[in-house]
Amino acid sequence: MSGTLNKVMLIGHLGDAVKMHYFEGGNCIGRFPIATNETYTNKQTGERVTNTDWHNVVVRNKAAEICEKYLSKGDKIYVEGRLKNRQWQAEDGTTRYATEVHVQDFTFLSTKQESMNNAQNNPVQPAQQQQKQAAPQQNVAAQQNTTASSEPEEDDDLPF
């Protein structure tokens, strides 16, 4: 096989709200962190150990607007995309680097009830809570089953 592959699939929880940046011409990007956990038992001590990894996620245009509207801190999401490395000059003159997941497809995994319970336990953004409560349940459910890919949905007979 002579080709290469750059594909990332993550299931995790949002660590913060979606931060939007708008450009001239109407384009925009949204950025948010996702936490993934690895849990194992230490064989020497017998205690359970959980390691959390943080991933910088970038979504563009309409997908970013959907994420901003329906996602909040703590929500569970599946993202699929590519790894991209970025570098820039910091204000102090040092060169900074970041690895980001540029999303090509995503699916919301938290239910509306879980999101509302999470928002009540973590009242970070009251305005977003009001938007979620005011949104019709069928629209949120439809968005949770919606993906950002342009491929048509396949109809198969799998039992799960």
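Our structure is the block above this text.
Here the structure is a predicted model, which is why all the values come from computation and not from measurement.

### Focus: unusual backbone geometry
Non-glycine residue asparagine 61 carries a positive phi angle of around 50 degrees. You can see asparagine 61 is positioned in helix α1 (residues 61–70). Given the relative accessible area of 32%, asparagine 61 is considered partly exposed.

### Remarks on the packing of aromatic side chains
Counted according to the given criterion, the structure contains two aromatic pairs. Relative to phenylalanine 108, the ring of tyrosine 70 lies with its centre 6.5 Å away and its plane at 50 degrees, an arrangement referred to as tilted. Highlighted residues: tyrosine 70 in helix α1 and phenylalanine 108 in strand β6 (residues 95–108), separated in sequence by 38 residues. Per residue, the accessibility class of tyrosine 70 equals that of phenylalanine 108, and both read buried. When the centroid spacing of 5.4 Å and the interplanar angle of 35 degrees are considered together, the rings of phenylalanine 106 and phenylalanine 108 count as tilted. Taking relative accessible area as the criterion, phenylalanine 106 reaches 3% and is therefore assigned buried.

### Section: the environment of arginine 31
Position of arginine 31 relative to the elements: it lies in strand β3 (residues 28–41). Taking the C-alpha atoms as reference, arginine 31 lies 9.5 Å from histidine 102; in sequence the two are 71 residues apart. Separated by 2.5 Å, the side chains of arginine 31 and glutamate 100 make a polar contact.

Reading the values: the criteria
Residues numbered from 1 in each chain as written. Predicted model: local features only at pLDDT ≥ 70, side-chain atom pairs only at ≥ 80, totals over all residues. Heavy atoms only, no water. Helix = DSSP H or I, 4+ residues; strand = E, 2+ residues; numbered from the N terminus. Buried < 20%, exposed > 50% of the residue type's maximum accessible area, 1.4 Å probe, protein only. Phe/Tyr/Trp six-rings, centres within 6.5 Å; stacked < 30°, edge-to-face > 60°. Polar contact = N/O pair within 3.5 Å; in protein donor to acceptor, adjacent residues only side chain to side chain.

Any functional reading would require information that these geometric values do not contain.
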